[in-house]
Amino acid sequence: MSEVTLDFSHSSASAEDLEKYKEKTIEARKILLDGTGAGNEYLGWLRLPVEYDRKEFARIKAAAGKIRGDSEAFVVIGIGGSYLGAHAAIEFLSGTVKHPGVPDIYYTGNNFSTDSIISIIEAIGDRDFSVNVISKSGTTTETAIAFRIFKKKLEEKYGKEGAADRIFATTDAKKGALKAMADEKGYTTFTIPDDIGGRYSVLSAVGLLPIAVSGADIDVLMQGAAKMMEICAGKEFEENPALQYAAYRHFMTDLKKTVEVLCIYNPSMGSFSDWWRQLYGESEGKDGKGLFPACVTYSTDLHSVGQFIQEGSRIMFETILYAENSNNRIIIEADEENADGLNYLAGKTLAFVNKCALKGTAEAHEAGGTPGILIRFSKKNEFTLGQLFYFFEFACGISGYMLGVNPFDQPGVEFYKKNMFRLLGKPGFEE
């Protein structure tokens, strides 16, 4: 069964409204599954939950065990899809994964901030650490600079041979600067498949090694994704959350909404929001089209941008991501003095207060002209997370084809690099 369900009660959309998009979503799904659309050379993620390389999967688990056994810190070096999925999963599962000896996990190679690099170096201190560098080419500037820095730190601490034993490279199977370096120096390597783009790669070695290091059960993660794959590919529109989500997004586009705001009510899903933002922004933002993907954390952001969402430009709609069975360990107790006036909440859980905040906010925003769809899931665990990853990926492919763009390329991301390389004086990019 699907752990992911859609609630349209605050969406300003009727069943008849969504029905108008049914045929188009089914047609887009056929294009996606048949591999006849633009970018079809990057559809390796479609059946990945059931057709992944079992031998490499076992190697990933073995490497994760080694890292946990000899490292107190683990540095994930990558940018964009090379780290966002793993970061999303590890943060999402925080508090539910209990595994002794899990190292502290740090993420770098995703910016040029000196302070960021130094803070990680200082946090590691004299502790034992390992590195997972993730790059198809090995020449992505942010990632390559960070790897150069941490490789030197490893070599200073353990010597070149000892450092090589602590470096795990996830890269191209045959070519590229990182692959050549890994082969020369003897790093353990894992493969970034040629037919899977970065933002769709979380269920490949790109995401699975860091997730496994965190102590999460990647077998269950893949089982959840496989179940959602079955639902997305086989269920009819009325029982298919991915088709319904794609339809709703296009209904909102036709209503001249230009911004989709992903709303979370648990800060541990903040990195999942970042993963979602790249997935949809990079997949659909081209040819002058696409919804701008924004993210907020409620109730925190109700005290910052809440006023705008309630009464500002009517350009947005909300997609609310909510764990139905939240942790109920905190119960609000009665206070004899009741100076804060909260005794009316005595005996209620903090999770119940959060749920009421969600419902009250959704009602207010819909009334103010910002409708919202609620994406519910049962609980925060590996099975549900696998379903969520695949659900959003599949819906993104459908939505992109409905929009008339290639959901699997990203030509625009190269433009800033040319200017940066020119300013840095890189050979071949002079004035």
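Just so it is clear, the model here is predicted, and its values are computed rather than measured. (Residues numbered from 1 in each chain as written. Predicted model: local features only at pLDDT ≥ 70, side-chain atom pairs only at ≥ 80, totals over all residues. Heavy atoms only, no water.)

**Focus: the side chain of Arg199**
Now for step 1: Here Arg199 shows up in the loop between strand E6 (188-191) and helix H9 (205-213).
Now for step 2: At 2.8 Å, the side chain of Arg199 forms a polar contact with the backbone oxygen of Pro407.
Now for step 3: One polar contact links Arg199 to Gln410, side chain to side chain, over a distance of 2.5 Å. (Helix = DSSP H or I, 4+ residues; strand = E, 2+ residues; numbered from the N terminus. Polar contact = N/O pair within 3.5 Å; in protein donor to acceptor, adjacent residues only side chain to side chain.)

**Here's the deal with a negative patch on the surface**
Now for step 1: Together, Asp335, Glu336, Glu337 and Asp340 line one region of the surface with negative charge.
Now for step 2: Residue position: Asp335 is located in the loop between strand E9 (316-323) and helix H14 (350-367). (Patch = residues over 30% accessible without salt bridge, like charges linked within 9 Å, V, L, I, M, F, W, Y side chains within 5 Å. Areas by Shrake-Rupley, 256 points an atom, 1.4 Å probe, with all protein chains shown as cover. Salt bridge = Lys/Arg side-chain N within 4 Å of Asp/Glu carboxyl O. Lys, Arg positive; Asp, Glu negative; His and termini not counted. Charge placed at Lys NZ, Arg CZ, Asp CG, Glu CD.)

**Topic: the pattern of salt bridges**
Now for step 1: Applying the stated criterion across every chain, the model contains 23 salt bridges.
Now for step 2: We note a salt bridge from Arg166 to Asp70, for which the minimum N-O separation is 3.8 Å. Of the two residues, Arg166 sits in the loop between helix H7 (141-164) and strand E5 (167-171) while Asp70 sits in helix H4 (residues 54-70), which places them 96 residues apart along the sequence.
Now for step 3: Assessed through its relative accessible area of 22%, Asp70 is described here as partly exposed. (Buried < 20%, exposed > 50% of the residue type's maximum accessible area, 1.4 Å probe, protein only.)

**Some points on the sheet that holds strand E3 (residues 104-108)**
Two strands in a sheet stick together by hydrogen bonds in their backbones, pointing the same way (parallel) or opposite ways (antiparallel).
Now for step 1: One open sheet holds the five strands; their spatial order is E3-E2-E4-E5-E6, and the pairing between them is parallel. Bordering the open sheet on either side are E3 and E6, each of which pairs with just one other strand. Direction aside, the axes of adjacent strands within the sheet are offset by 20° on average.
Now for step 2: Relative to strand E4 (residues 129-134), strand E2 (residues 73-77) is paired through five bridges, and the arrangement is parallel. The residue bridging Phe74 from the neighbouring strand is Ser130, located in E4.
Now for step 3: In the packing of H7 onto the sheet, the strands contacted are E2, E3, E4 and E5, and the crossing angle to E4 comes to about 140°. (Pairing = 2+ DSSP bridges. Axes fitted to C-alpha atoms, helices over the stretch in contact; angles between N-to-C directions. Contact = heavy atoms within 4.5 Å.)

**Description of the packing of helix H5 (residues 84-92) against helix H15 (residues 382-403)**
Packed helices, taken two at a time, are described by their axes: the angle between them and the distance between them.
Now for step 1: At a minimum axis distance of 11 Å, the contact between H5 and H15 shows a crossing angle of 145°. The way H5 lies across H15 gives a crossing that is right-handed. Here Gly85, Ala88, Ala89 and Phe92 of H5 come into contact with H15, specifically with Leu385, Leu388 and Phe389.
Now for step 2: Grouping the constituent residues of the contact of H5 with H15 by class yields six nonpolar, one polar and no charged. (Left-handed = near helix turned anticlockwise from the far one by under 90°. Nonpolar A, V, L, I, M, F, W, Y, C, P; charged D, E, K, R; others polar.)

**Regarding unusual backbone geometry**
Now for step 1: In this structure, the amide linkage connecting Tyr298 to the following residue, Ser299, adopts the cis form with an omega of 5°.
Now for step 2: Inspection of the secondary structure assignment puts Ser299 in the loop between strand E8 (292-297) and helix H13 (306-311).
Now for step 3: Positive phi values are uncommon outside glycine, yet Asp287 reaches one of about 55°.
Now for step 4: Looking at where Asp287 falls in the secondary structure, it is placed in the loop between helix H12 (270-284) and E8.

**Remarks on the packing of aromatic side chains**
Now for step 1: Taken as a whole and judged by the stated rule, the model has 27 aromatic pairs.
Now for step 2: Here the aromatic rings of Tyr83 and Tyr107 are separated by 6.1 Å at their centres, their planes lie at 45°, and the arrangement is tilted. In this pair, Tyr83 sits in the loop between E2 and H5 while Tyr107 sits in strand E3, placing the two residues 24 residues apart along the sequence. Accessibility classification places Tyr83 together with Tyr107 in one group, the buried group. (Phe/Tyr/Trp six-rings, centres within 6.5 Å; stacked < 30°, edge-to-face > 60°.)

**Here we look at the nonpolar core**
Now for step 1: Core analysis: the largest hydrophobic core is formed by 91 residues, its most contacted members being Trp45, Trp275, Leu321, Phe389 and Phe392.
Now for step 2: Broken down by element, the residue count for this core peaks at 12 residues, all from H15.
Now for step 3: When near neighbours in sequence (up to four residues on either side) are disregarded, Trp45 contacts Leu32, Asp195, Ile196, Tyr200, Tyr390, Glu393, Phe394 and Phe408.
Now for step 4: Counting 21 residues, the second-largest nonpolar core is a separate cluster that includes Ile77, Ile117, Ile124 and Ala146. (Core = buried A, V, L, I, M, F, W, Y, C linked by side-chain atoms within 4.5 Å.)

**Some words on helix H2 (residues 22-34)**
In an α-helix, one turn spans 3.6 residues, which is why side chains three or four residues apart end up on the same side.
Now for step 1: With 13 residues, H2 should cover 18 Å at 1.5 Å per step; its first-to-last C-alpha distance of 18 Å lies within 8% of that length.
Now for step 2: Along H2, the positions that sit buried rather than exposed are Thr25, Ala28, Arg29 and Leu32. On an axial view of H2, the arc spanned by its buried residues comes to 105°, and they lie on one face. Residues Glu23 and Lys30 are exposed on H2 and point more than 90 degrees away from its buried face.
Now for step 3: Each element contacted by the buried residues of H2 is listed here: helix H10 (218-234), helix H11 (241-254) and H15.
Now for step 4: Immediately beyond the C-terminal end of H2, within one or two residues, lies Gly35, with a positive phi of roughly 70°. (Expected span 1.5 Å × (residues − 1). Arc of directions from axis to C-beta.)

**Section: the sheet that holds strand E7 (residues 259-264)**
Now for step 1: An order of E1-E10-E9-E7-E8 is seen for the five strands of this open sheet, with the pairing classed as mixed. One side of each edge strand has no neighbouring strand; the edge strands of this open sheet are strand E1 (4-7) and E8. Within the sheet, the average angular offset between the axes of one strand and its neighbour, ignoring direction, is 25°.
Now for step 2: One ladder, built from six bridges, connects E9 with strand E10 (residues 372-377); its direction is parallel. Across the sheet, the residue bridging to Leu321 is Ile375, located in E10.
Now for step 3: Contacting E7, E8 and E9, H12 runs over the sheet at an angle of about 175° to E8.

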